[in-house]
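Report on the structure
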Amino acid sequence: MPVVGVAHEALAALVGDWSGTEELAAAPWAPAATATATCSYRRALDGFAVLEDYVQTREDGSRMLGHHVFTVDPATGETLWFGFDSYGFPPASPARGGWRDGTLQLEKQTERGVAIHRITPEGDVLTHEIDVRLGSDDDFRPFLRARYLRSARD
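Anyway, here's the lowdown on the structure attached to this text. (Residues numbered from 1 in each chain as written. Predicted model: local features only at pLDDT ≥ 70, side-chain atom pairs only at ≥ 80, totals over all residues. Heavy atoms only, no water.)

1. What about the packing of aromatic side chains?
What counts is decided by this rule: Note on aromatic contacts: the rings of Phe and Tyr and the six-membered ring of Trp form a pair at centre separations within 6.5 Å, being stacked when their planes are under 30 degrees apart, edge-to-face when over 60 apart, and tilted otherwise. Secondary structure follows DSSP: runs of H or I at least 4 residues long count as helices, runs of E at least 2 residues long count as strands, and numbering of each begins at the N terminus. For the exposure calls, accessible area comes from a 1.4 Å probe over protein chains only, and a residue counts as buried if that area is under 20% of its type's maximum, exposed if over 50%, partly exposed in between.
Across all of its chains, the model carries two aromatic pairs by this definition. Ring centres of tyrosine 41 and phenylalanine 70 lie 6.1 Å apart, and the angle between their planes is 50°; on these two criteria the pair is classed as tilted. Here tyrosine 41 is found in strand β2 (residues 33-44), whereas its partner phenylalanine 70 is found in strand β4 (residues 63-72), with 29 residues between them in sequence. The residues tyrosine 41 and phenylalanine 70 share a single accessibility class, namely buried. Look at phenylalanine 70 and tryptophan 81: their rings are 5.2 Å apart centre to centre, the planes differ by 10°, and that puts the pair in the stacked class.

2. Considering the sheet that holds strand β10 (residues 141-152)
Inclusion rule: At least two DSSP bridges between two strands are required for those strands to pair. The convention used is that axes are lines fitted to C-alpha atoms, helices contributing only their stretch in contact, and that angles between N-to-C directions extend from 0 to 180 degrees.
Here ten strands make up a closed barrel; going around it, the order is β1-β2-β3-β4-β5-β6-β7-β8-β9-β10 and the pairing antiparallel. Recorded for the sheet is a direction-independent mean angle of 25° between the axes of neighbouring strands.

3. Concerning the pattern of salt bridges
Here is the rule: Think of a salt bridge as a Lys or Arg side-chain nitrogen and an Asp or Glu carboxyl oxygen that are within 4 Å of each other.
As enumerated under the stated definition, the model contains nine salt bridges in all. A salt bridge links aspartate 131 to arginine 145; the nearest nitrogen and oxygen atoms lie 2.8 Å apart. Here aspartate 131, found in strand β9 (residues 125-134), pairs with arginine 145, found in strand β10; they are 14 residues apart in sequence, far enough to count as distant. The network of salt bridges with shared partners includes Arg118, Glu129, Asp131 and Arg145.

4. Quick look at the environment of glutamine 109
In plain terms, the rule: Contact definition: two residues touch when any of their heavy atoms are within 4.5 Å. Contacts described as polar in this section are N or O atom pairs within 3.5 Å, which, within protein, must combine one atom able to donate a hydrogen with one able to accept it, while residues neighboring in sequence count only if both atoms come from side chains.
For glutamine 109, the location among the structural elements is in strand β7 (residues 103-110). Distance from glutamine 109 to aspartate 139, taken between C-alpha atoms, is 14 Å for residues 30 residues apart in sequence. In this structure, glutamine 109 is in contact with Ser93 and Val114, ignoring residues within four places of it in sequence. Looking at glutamine 109, its side chain comes within polar contact range of the side chain of glutamate 107, at 2.6 Å.

5. Things to note about the nonpolar core
Note the following rule: The term nonpolar core refers to a set of buried residues drawn from Ala, Val, Leu, Ile, Met, Phe, Trp, Tyr and Cys, joined through side-chain atoms within 4.5 Å.
With 29 residues, the main nonpolar core has Tyr41, Phe70, Leu106, Ile119, Leu126, Phe143 and Tyr148 as its most contacted residues. Elements with a minimum of two residues in this core: β1 (16-24), β2, β3 (49-58), β4, β7, β8 (113-122), β9 and β10.

6. Focus: the pairing of β9
Sheet topology note: the β8/β9 ladder contains ten bridges and is antiparallel. Bridge pairing in β9 links isoleucine 119 to histidine 128. As defined by bridge partners, β9 adjoins β10 across eight bridges and the pair is classed as antiparallel. The residue of β10 that forms the bridge with aspartate 131 is proline 142. Here β9 hands over to β10 after six residues, with glycine 135 in that stretch at a positive phi of 55°.

Here it is in structure tokens:
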């Protein structure tokens, strides 16, 4: 039977309620924008997962909602991230990766392209950076730069 291990425990650094600002580049599904966001991370399934509920509100008042599940692949030890959002793109497969120097680095591949996520918890500050390579692009480009402050711990 799998046991809660170091990779599961590392996800505990995300647990709590966070809010902050985001700078987003233009994408085929939305224009460039500045947004505010809240992220609530909770441990679940006896420590085998962390759940995130996410609300992003853009300057024009439009919102994007997300529900994310972080867990660990018992076969590889990789951190997995399954994301569901109000844009309606279901996860064909999870983002995969792991912790490097205090940053959770995850790669997500879809038919639209590849996204590299870097999520860094440092005390009561959480940063999230996303770089994307969309369609036939050769290079990655910045997509999201976010900084959140923790308002509560779970």
